[in-house]
Amino acid sequence: MRAIDVHLHVGFRGRKVEAEEETAQLYRRNSVIALPIAWDEETRTGNPPISNDYVAQVVRTYNDVFPTGWACVDPWKGKAALQEIERAVRELKLIGVKFQAAAQQFFANDRRFYPIWDLCQSLGCPVLFHTGTTAYGAGVPGGGGIKLKFTRPIPYLDDVAADFPRLTIVAAHPSWPWQEETLAMAVHKANVFLELSGWSPRYFPDSLKREVRSRLQDKVMFGSDHPFIPLERWLRDFEQEGYPEEVVEKVLYKNALRILNLDIPSEGKP
Ligand SMILES: [Zn+2]
């Protein structure tokens with residue numbers, strides 16, 4: 001195993017578990033393990049979820065490359081969301097919960113959602129938060145109705161990080177146009193981490209590249225956002241940036257093992 005990809009999408013466009021075989025083979029070929037992600041924005045858009053059961057099934061089927069995955073719950077589902085988080089973590093053994101606040105249309109620091117953060121904190125379950133602009137709705141009139149304000153790190157995510165100091169928060173993607181805000185949060189708060197999916201490493205904001213090399217090198221994880229940024233492209237472009245070997249190892253897998261407390265099959269250990 002040479003890397004852990006903490007951000008992989010499965011199940012889009014009604015794909016069946018068997019269709020994930022190809023993705024599993026791609027990851028095997030590259031000696032990369034990955035954490036597939038569920039999706040649920042049903043309340044706001046009516047789109048059908050990519051269920052936690054689906055992701056759990058992909059994980060069971062391809063456990064050698066997908067040791068666990070991220071659940072996703074729609075925060076507007078109230079009590080059902082809380083029950084689903086508990087089920088996803090305890091029964092389905094998913095590692096944490098992903099939120100996409102632009103698609104789900106909510107502000108993380110809205111007190112109505114505090115029971116969710118409270119539960120995740122007490123379950124010891126990390127949350128993965130989309131930050132910055134999104135490909136979702138990009139280029140269509142009105143951005144498909146997507147409002148970018150929900151993806152702004154400060155104050156929405158920063159408030160949650162402050163109010164739940166034992167909750168591990170992972171900010172997904174370069175957070176453009178608010179990159180500096182995410183970097184400030186990660187420097188300031190021990191429970192805030194970053195992952196680098198969704199952009200080619202070549203186009204990361206300079207400030208992000210600088211922090212990956214220096215004071216945030218222990219807090220940054222590799223994620224691709226495959227298939228939106230293909231795995232092999234991300235890895236190739238990252239290699240070409242010429243980060244020191246020690247930093248490369250931390251970003252590609254060492255940080256993820258520690259931050260997410262991952263238990264990976266021993267034959268897959270680096
Ligand atoms: Zn994604």
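Residues numbered from 1 in each chain as written. Predicted model: local features only at pLDDT ≥ 70, side-chain atom pairs only at ≥ 80, totals over all residues. Heavy atoms only, no water.

### A word on the nonpolar core
Membership of the largest hydrophobic core comes to 93 residues, with the highest contact counts inside it found for F66, W117 and L260. The biggest single contributor to this core is helix α11 (residues 245-259), with 7 residues. Contact partners of W117, with chain neighbours within four places excluded, come to F99, F106, A108, V127, F129, V160, F164 and L167. (Core = buried A, V, L, I, M, F, W, Y, C linked by side-chain atoms within 4.5 Å. Buried < 20%, exposed > 50% of the residue type's maximum accessible area, 1.4 Å probe, protein only. Helix = DSSP H or I, 4+ residues; strand = E, 2+ residues; numbered from the N terminus. Contact = heavy atoms within 4.5 Å.)

### A word on the pairing of strand β5 (residues 127-130)
Alternating positions in β5 separate into two faces, V127 and F129 on one and L128 and H130 on the other, with burial throughout. In terms of strand pairing, strand β4 (residues 96-99) meets β5 through 3 bridges, oriented parallel. Within the sheet, the bridge partner assigned to V97 lies in β5 and is V127. As defined by bridge partners, β5 adjoins strand β6 (residues 169-172) across 4 bridges and the pair is classed as parallel. Counted as the bridge partner of H130 is A172 from β6. The handedness of the β5 to β6 crossover, carried by helix α7 (residues 153-163), is right-handed. (Pairing = 2+ DSSP bridges. Right-handed = clockwise from strand over helix to strand, strands pointing away.)

### Overview of the pairing of strand β1 (residues 3-9)
Summarising burial for β1: 7 of the 7 residues are buried, a large majority. Read as a crossover between parallel neighbours, the route from β1 over helix α1 (residues 20-29) to strand β2 (residues 32-37) is right-handed.

### A look at unusual backbone geometry
That bond from I154 to P155 is cis: its omega, 15°, falls within 30 degrees of zero. Not every positive phi belongs to a glycine, and S31 is a case in point at roughly 50°. Relative to the helices and strands, S31 resides in the loop between α1 and β2. A residue is classified by how much of its surface remains accessible, and S31, at 37% relative accessible area, is partly exposed.

### Observations regarding the coordination of the zinc ion
For the zinc ion, the protein coordination sphere consists of H7 (NE2), H9 (NE2) and D225 (OD), at 2.0 to 2.2 Å. Look at H7 and you get buried, because its relative accessible area is 0%. (Donors = N, O, S within 2.8 Å, 3.2 Å for Na, K, Ca; no water.)

It is worth stressing that arrangement in space is one thing and function is another; only the former is reported here.
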